[in-house]
Amino acid sequence: MADDIAPVSTPSGPGSGSGSAKDPDAAYLERRTLRRGSAGWLLLTGLGVAYVVSGDFSGWNVGLNKGGFGGLAIATVLMGTMYACLVFSLAELSTILPTAGGGYGFARRALGPWGGFLTGTAILIEYILAPAAIVIFIGDYVESLGLFGLTSGWPVYLGCFVLFIGVHLWGVGEALRFSLVVTAVAVAALLIFAIGAFTEFDAGALDDIAVDTSAFGANSWLPFGILGIWAAFPFGMWFFLGVEGVPLAAEEAKDPVRSMPKALAISMGVLALLALITFFAATGAQGADAVKSAGNPLVVALEGDGGPTALSRFVNYAGLAGLVASFFSLIYAGSRQLFALSRAGYLPRFLSLTSKRKAPYLGLVIPGGIGFALAAATGDGARMLNIAVFGATISYALMALSHIVLRRREPGLERPYRTPGGVLTSSVAFVLALSALVATFLVDRDAAFIALAVYVVALAYFALYSRHHLVASAPEEEFAALAEAEAELTRD
């Protein structure tokens, strides 16, 4: 395609390498545009909750096997603090640069092309692997519910990818409205579950996991000792994992300078409330030991030894809705990060082409194909989620660092919204993100090394090819080039 061989450049300046600057012709960016003004603060808030809501229905409870009730509770508070600090930092950054690049764009200005690529790649690992994992869980739910006589396998996975990618191809406004409806069903179900489970609440059952007396600092609240708190970090993240993807919708948002901070703050508040009530209701109804290994802990919390009830069946179906909401929204996030990296030349540029309905069709179809292949070939949803968590923690540290660097290096940069607490807030997020990154090795060392291997391959591609072929007029690159030009004028 003609526009795919448009003139490109490697921006000059600190950390950028060398090369002459030539902007691509107008046709290049015209074929790579998203539909602006499609999402207001309500749809953005729904998107933020949708990314995460499946984690309330399952997955978090495995952290009880690592830290017990007390360990997971402390881990959840610490990870919730990390996400809150990160979200406030991202709210500021997204008003400075409201484009589809999200974390890549922020890091590109603060840390240069290498920092931008490292951040964007980590985000892609999260948003390509997480849908592949969740579609396996959807298949398990479909089979357990006996829907249409289907079993968990590649036909269900393929059907999910085809159906929901098709909705995204239809248009972003339609996709986000669909996501909002499904998310509302899942949130309502969590609230109904909590009402039912709290009628059986027993505080004495919270610490009923057997104590490992060989663990340092072990007691009934910390049955696996002090180290169990750290090992539970990745599972405490499951109550919030993905909310940081809201800024990826900035380029398609209405008035992103005002709507983005509002949506991020409300999303985080809703998720914190859901985490609190779900955690206490599920563990208090039947005990931490009963739900620690359950694939559907909310259903186990409601049924105990008594068998299915009308409420447990409803929550089981609602769990499927929660999985669909997260699967659907994570596909969206991955496509927008891929779109931005491709548009700027970090990845093959044909991936950022958009359709007549302004949807990045190859950015949706190709990651979807990869996700389907991984799900069908491995069937190991837990392993893929652990790889996604590894990528997520790297991106969190780099995004928090970007906020710190920009505050220090460019204090005069126009900031329509300012992070409460400033650098202290993003520093807390940075330290906790690094702690969570190390904790991933305690949970699944193989997953961490697989993610590192993917990283190495991606970095080799960037070092040998794409860093020499960046598109100077992509929004995130222009933003970074402006900073470099201003720095040169200051030095002169």
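Details of the structure are given in the entry above.
Residues numbered from 1 in each chain as written. Predicted model: local features only at pLDDT ≥ 70, side-chain atom pairs only at ≥ 80, totals over all residues. Heavy atoms only, no water.

Student: Could you clarify how one ought to interpret the environment of serine 312 in this entry?
Tutor: Locating serine 312 in the fold gives a position in helix 13 (residues 310-343). In this structure the C-alpha to C-alpha distance between serine 312 and valine 300, which are 12 residues apart in sequence, comes to 8.2 Å. Those residues in contact with serine 312 that sit more than four places away from it in its chain are Val299, Leu302 and Glu303. Reaching out from serine 312, the side chain makes a polar contact with the side chain of glutamate 303 at a distance of 2.9 Å. (Helix = DSSP H or I, 4+ residues; strand = E, 2+ residues; numbered from the N terminus. Contact = heavy atoms within 4.5 Å. Polar contact = N/O pair within 3.5 Å; in protein donor to acceptor, adjacent residues only side chain to side chain.)

Student: Where do I start with the environment of glycine 369 in this structure?
Tutor: Mapping glycine 369 onto the fold places it in helix 14 (residues 361-378). Remark: the alpha-carbon pair of glycine 369 and alanine 186, spanning 183 residues in sequence, is separated by 27 Å.

Student: Could you clarify how one ought to interpret the packing of aromatic side chains in this entry?
Tutor: Aromatic ring pairs are defined here through the distance separating the ring centres and the angle between the ring planes. Enumeration over the complete set of coordinates arrives at 25 aromatic pairs. An aromatic cluster of at least three residues, connected via ring pairs, comprises Trp60, Phe69, Trp221, Phe239, Phe279 and Phe280. (Phe/Tyr/Trp six-rings, centres within 6.5 Å; stacked < 30°, edge-to-face > 60°.)

Student: What is the right way to look at helix 14 in this model?
Tutor: Think of an α-helix as 3.6 residues a turn; residues three or four steps apart then line up on the same face. Compared with the 26 Å implied by 1.5 Å per residue over 18 residues, the 26 Å span of helix 14 between its first and last C-alpha is a close match. Turning to helix 14, its buried residues number three or more, namely Gly363, Leu364, Pro367, Gly368, Gly371 and Ala375. The arc that holds the buried residues of helix 14, viewed along the axis, is 110°, so those residues lie on one side. Residues of helix 14 that are buried make contact with helix 5 (103-145), helix 6 (154-170), helix 13 and helix 15 (381-409). Trailing helix 14 by a residue or two, glycine 379 shows a phi angle of about 65°, which is positive. (Expected span 1.5 Å × (residues − 1). Buried < 20%, exposed > 50% of the residue type's maximum accessible area, 1.4 Å probe, protein only. Arc of directions from axis to C-beta.)

Student: I tried to follow empty space enclosed by the protein on my own but got confused; where do I start?
Tutor: The rolling of a water-molecule-sized probe over the atoms marks out the regions of remaining empty space. What the rule picks out here adds up to 4 cavities of 30 Å³ or more. Of the pockets and cavities examined, the largest cavity occupies roughly 160 Å³. If you go around the largest cavity, you meet 13 residues; those closest to its centre are Ser54, Gly55, Ile134, Trp238 and Leu385. Only helix 2 (41-52), helix 3 (54-57), helix 5 and helix 13 provide two or more residues apiece to the lining of the largest cavity. Among the elements that line the lining of the largest cavity, the one with the most residues is helix 5, at 3 residues. (1 Å grid on protein atoms, 1.4 Å probe; cavity = no way out; pocket = protein on both sides within 12 Å on 5 of 7 lines; lining within 4 Å. Points joined across faces, edges and corners; volume = space filled by probe spheres on them.)

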